Each structure stands twice: as C-alpha cells, then as structure tokens.
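# Coordinates in review
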Amino acid sequence: MYIVPERVIADLMTREAAFDAVEKVFAAMAAEDAYNFPVVREAIGHEDALYGFKGGFDRAGLTLGLKAGGYWPHNLEKRGQINHQSTVFLFDPDTGKAHAMVGGNLLTALRTAAASSVSIKHLARDDAKVIGMIGAGHQATFQLRAALEQRNFEKVIGWNLHPEMLPNIEAVAAEAGLPFEAVELDGMRAADVIISITSSFEASLMADHVSPGTHIACMGTDTKGKQEVDPALLVRAEVFTDEVAQSVSIGEAQHAVAQGLIEAADLTQLGAVINGAHPGRSTDDQVTLFDGTGVGLQDLAVAARVVELAVTQGIAIEVDF
Ligand code: NAD
C-alpha cells in the first residue's frame, strides 16, 4: 500500500485537481453511482475530543474508503499541533485490500473550498463582480482563494463577528490584486456571491441582506445546531446541496426543515446540475443557495487524486502490508 504523508500534500495537490475531483464525485452522487455511508461522530471522553468516520463508495471513480479523525480542542495550546486532525484510508474495491493512507488535514480544507467553488461555477451569475465573505478564520481563506478563480470578481467585501480576523481574507484579496472592504451585514446587499464559513450557532445573514440574483454558499454548518443564515432565506432561494440527507439533518437546511418552511423534496443535489439533469439557476434575479455540508466522498475523491499524483511523481511511500 502507499502512504502519502501530510507534509508532502501542499506541494502535490492543486486547487484545480481538488475542484475536478469534487465536481466529478458530486456528479457521481447525483447519478447514484456513488454513495456516502452513515457518519459516525463520537465524543470519546478523552481530551474533549470529537472523533469519527466519514466513508463511502464511488462506483464510477472506483474509490472506496473512509476519513477518520475529528477535533481535539487542546492540541494547539498543549502540543503546538492543529486541532482538526484527519487521515484518509483508501481500499481496493476489487479485493478489499488497503490501498493508501493519506494525510487528510490540508485535503479537508481544499475539498471544502472546492465544493463552494463548484457551486459558484454552476449557480452564480456569469457577470458576478462582488464576492462577500462571512467568516474570516482558517477555512475562509481557502474558500475565497478558490472562489476567486470562478468569475471575474472585481471586489471582495467581508463581515466577521470578530472583526480583528478580517485581515486574513483581506490578504487573500490583496494576493489576487482585488480591493477589500469590511462591511456590516446589510452591506452584503452589494454582493453577487456570498460564502458563509463560520462556526456560528445562530443566523447572521438575514433574508433581506441579500439582493436578487445572488448566489450564496453556506459552508460552515456541518453539525446539528449550527446555523449561519435566516431560515427565510431558504424559502426565498432555490436550494441546492451536496447531499440531501446531510443537508436536512446537520446542514443549514436543518432549521428551515425543522420549522416546516421547506422539506427535503425542495432540495436539489448540485450533482444534478453538473449532470445536466437540473437546469440550475433559472433567471438572473433568482437567489440560489448551496448548502455544503461536507461528505466523505469528497475526502476520498481528493485523496485518490493525491495518491495518483504522488505515485506518478515517485513521492508515495510504498509499504508491504
Ligand atoms: P476557525 O476557528 O478558523 O474560524 C471560525 C470562524 O467562525 C471565524 O470567522 C470566527 O470569527 C467565526 N465565529 C466563531 N464563533 C462565531 C459565532 N458564534 N458567530 C458567528 N461567527 C463565529 O474555523 P474554520 O476552520 O474556518 O471553520 C469554520 C467552520 O467551517 C467550522 O464550523 C467548521 O466546522 C466548518 N467546516 C465545514 C466544512 C464543510 O465541509 N462544510 C469543512 C470544514 C470546516
């Protein structure tokens, strides 16, 4: 089997490769060629850690495996290590033998950024000029960098509950040569595309903070109880998601569904748009919303790609197993 350690991933994996892998696996999910296994997530009663598995099988891409890992809140202060830790394990779908073990930390950031980018490619207006960021933490920088490649954006605006973090996304705008402006939430009306990526448990973005024709990618809500936007926004918008089951249980749609405002049947898998089975945006005035909950198949797709790259470049460590 192959080992691809975390330390080599930054030099191997590109945003383009992550985008392509995620777009393909979303399409495979909508075509029912790929499916995610039920997620396991446990508070293990040690180091306050949350540990779990996200797995699946992609029959089209022949990718089988799981991502194991989670959140250790004391890593940074106690050991100088990052709090999110994950490893991807891939198996040969023909034999069940272990195929690869891959560092999953950077890959998680890249696959999450790729998901909102794929949604922008397929759902945002072609003439989108202003991108709005809600959130300015670790993941926000990845989301913004990838999103800027999808349209000819001319300006970045941003809001964060902790304004002292906004320089993180201002720096990404500067890298791309774009102006940045910090705004209040109602200033998001100037945005053609909005990405929310926070760990919030209550809505920040209200339905009247959004102009007609905007595409919103809600990326922070991946657990029961988390929330970034007003449930009324999911009534106003045409709602797309990576996976309907996750969207209504742990994604942004959980709140609108619980309040009886929408139901699972109102949601469309983004993969159906990629496959051409759903037209996507119908008018320039329509508000579209992508609820990106993060599925195991995304992790497997980017890990499989990085193993291919590592093997081709002679970087993968081969072990007899
Ligand atoms: P981070 O800790 O680096 O940043 C957290 C962000 O949330 C900051 O902008 C912070 O100001 C903001 N925030 C914190 N508490 C808040 C509150 N109560 N209300 C509003 N904003 C608040 O974390 P990160 O790595 O950037 O991750 C952000 C979120 O994205 C997390 O909730 C994480 O679980 C989620 N995430 C989702 C996916 C996915 O696939 N959907 C993947 C990775 C991370």
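Residues numbered from 1 in each chain as written. Predicted model: local features only at pLDDT ≥ 70, side-chain atom pairs only at ≥ 80, totals over all residues. Heavy atoms only, no water.

Helix and strand content of the protein chain: 11 helices and 18 strands. For the protein chain, whose C-alpha radius of gyration is 19 Å, the value lies close to the compact-globule estimate of 20 Å for 321 residues. Along the first, second and third principal axes, the C-alpha atoms of the protein chain reach 60 × 45 × 40 Å. The contacts of the protein chain with a sequence gap of at least 6 include a subset with a gap of at least 24, amounting to 70%. Separation of charge centres in the protein chain, based on 23 positive and 43 negative side chains, amounts to 2 Å. (Helix = DSSP H or I, 4+ residues; strand = E, 2+ residues; numbered from the N terminus. Rg over C-alpha atoms; globule rule 2.2 N^0.38 Å. Contact = heavy atoms within 4.5 Å. Lys, Arg positive; Asp, Glu negative; His and termini not counted. Charge placed at Lys NZ, Arg CZ, Asp CG, Glu CD.)

Let us now look at the site of the ligand. Surveying the vicinity of the ligand reveals 22 residues, the closest of which are Arg111, His138, Asn160, His162 and Lys226. Within the backbone of Gln139, an N or O atom sits 2.9 Å from an oxygen atom of the ligand. Contact between the ligand and Ser200: a nitrogen atom at 3.4 Å from a side-chain N or O atom of the residue. Sorting the residues of the shell around the ligand by element identifies helix 4 (105-123) and helix 5 (138-147) as the ones contributing at least two each. Here the residues of the shell around the ligand sort into five nonpolar, 14 polar and three charged. (Near = heavy atom within 4 Å. Polar contact = N/O pair within 3.5 Å; in protein donor to acceptor, adjacent residues only side chain to side chain. Nonpolar A, V, L, I, M, F, W, Y, C, P; charged D, E, K, R; others polar.)

Now for the packing of helix 4 against helix 5. At a minimum axis distance of 8 Å, the contact between helix 4 and helix 5 shows a crossing angle of 45°. With respect to each other, helix 4 and helix 5 are oriented oblique. Viewed along their axes, helix 4 and helix 5 form a crossing whose handedness is right-handed. Taking contact as the criterion, the partners of Leu106, Ala109, Leu110, Thr112, Ala113, Ser116, Ser117 and Ile120 in helix 4 are, on helix 5, His138, Gln139, Phe142, Gln143, Ala146 and Ala147. Across the contact of helix 4 with helix 5, the residue classes tally to eight nonpolar, six polar and no charged. (Axes fitted to C-alpha atoms, helices over the stretch in contact; angles between N-to-C directions. Parallel < 35°, antiparallel > 145°, perpendicular 65-115°, else oblique. Left-handed = near helix turned anticlockwise from the far one by under 90°.)

So, on to the environment of Arg41. Here Arg41 is to be found in strand 3 (residues 40-43). C-alpha separation for the pair Arg41 and Val172, spaced 131 residues apart in sequence, amounts to 33 Å. Leave out the neighbours within four places in its chain, and Arg41 touches Leu50, Tyr51, Gly52 and Thr223.

Among the surface-exposed residues, Val40, Ile44, Tyr51 and Phe53 lie close enough to one another that they form a single nonpolar patch of about 300 Å² accessible area. Here Tyr51 shows up in strand 4 (residues 50-58). (Patch = residues over 30% accessible without salt bridge, like charges linked within 9 Å, V, L, I, M, F, W, Y side chains within 5 Å. Areas by Shrake-Rupley, 256 points an atom, 1.4 Å probe, with all protein chains shown as cover. Salt bridge = Lys/Arg side-chain N within 4 Å of Asp/Glu carboxyl O.)

Turning to the domain arrangement of the protein chain, a few remarks are in order. Taken as a whole, the protein chain is organised into domain 1 (2-108 + 297-318) and domain 2 (125-294). The distance between the C-alpha centroids of domain 1 and domain 2 comes to 24 Å. Residue-level contacts link 15 residues of domain 1 with 18 residues of domain 2. Here domain 1 packs against domain 2, burying approximately 1,200 Å² in sum over the two surfaces, 55% of which is carbon and sulfur. If you sort the residues of domain 1 by the area they bury against domain 2, Arg15, Phe26 and Ala30 come out on top, with a joint share of 37%. Our count for the domain 1 to domain 2 interface comes out at one salt bridge. Two residues, Arg15 and Glu149, come together in a salt bridge whose shortest N-O distance is 2.7 Å. Viewed at the interface, domain 2 and domain 1 are joined by four residue pairs in polar contact (both at pLDDT 80 or more). (Domains from an automatic or database assignment. Buried area = accessible area lost by both parts, 1.4 Å probe.)

With that settled, consider the environment of Ala30. Take Ala30: it is sitting in helix 2 (residues 15-30). It is 17 Å that separates the C-alpha atoms of Ala30 and Arg281, two residues lying 251 residues apart in sequence. Those residues in contact with Ala30 that sit more than four places away from it in its chain are Gln269, Gly271, Ala272 and Asn275.

The final tally for this structure, using the stated rule, is four aromatic pairs. Ring centres of Phe26 and Phe290 lie 6.3 Å apart, and the angle between their planes is 55°; on these two criteria the pair is classed as tilted. Residue Phe26 is found in helix 2, and its partner Phe290 is found in strand 17 (residues 288-291); the two are separated by 264 residues along the sequence. Phe290 gets classed as buried once you look at its relative accessible area, which sits at 0%. (Phe/Tyr/Trp six-rings, centres within 6.5 Å; stacked < 30°, edge-to-face > 60°. Buried < 20%, exposed > 50% of the residue type's maximum accessible area, 1.4 Å probe, protein only.)

All right, on to helix 5 then. Burial of helix 5 is extensive: eight of the 10 residues sit out of reach of the surface. Turning to helix 5, its buried residues are Gln139, Ala140, Thr141, Phe142, Gln143, Leu144, Ala146 and Ala147. Structurally, helix 5 contributes buried residues whose contacts are with helix 2, helix 4, strand 8 (130-134), strand 9 (155-159), helix 6 (167-175) and strand 11 (193-196).

The subject of this paragraph is the sheet that holds strand 11. The strands making up a sheet are joined through hydrogen bonds of the backbone, oriented either antiparallel or parallel. The eight strands are arranged 10-9-8-11-13-17-15-16 in an open sheet whose pairing can be described as parallel. With partners counted over all chains shown, the strands left at the sheet margins are strand 10 (180-182) and strand 16 (268-269), one partner each. As paired elements, strand 15 (residues 238-241) and strand 16 share two bridges and run parallel to each other. Along strand 16, the bridge assignment pairs Thr241 with Gln269. Helix 4 rests against strand 11, strand 13 (215-218), strand 15 and strand 17 of the sheet, and its axis sits at about 160° to strand 13. (Pairing = 2+ DSSP bridges.)

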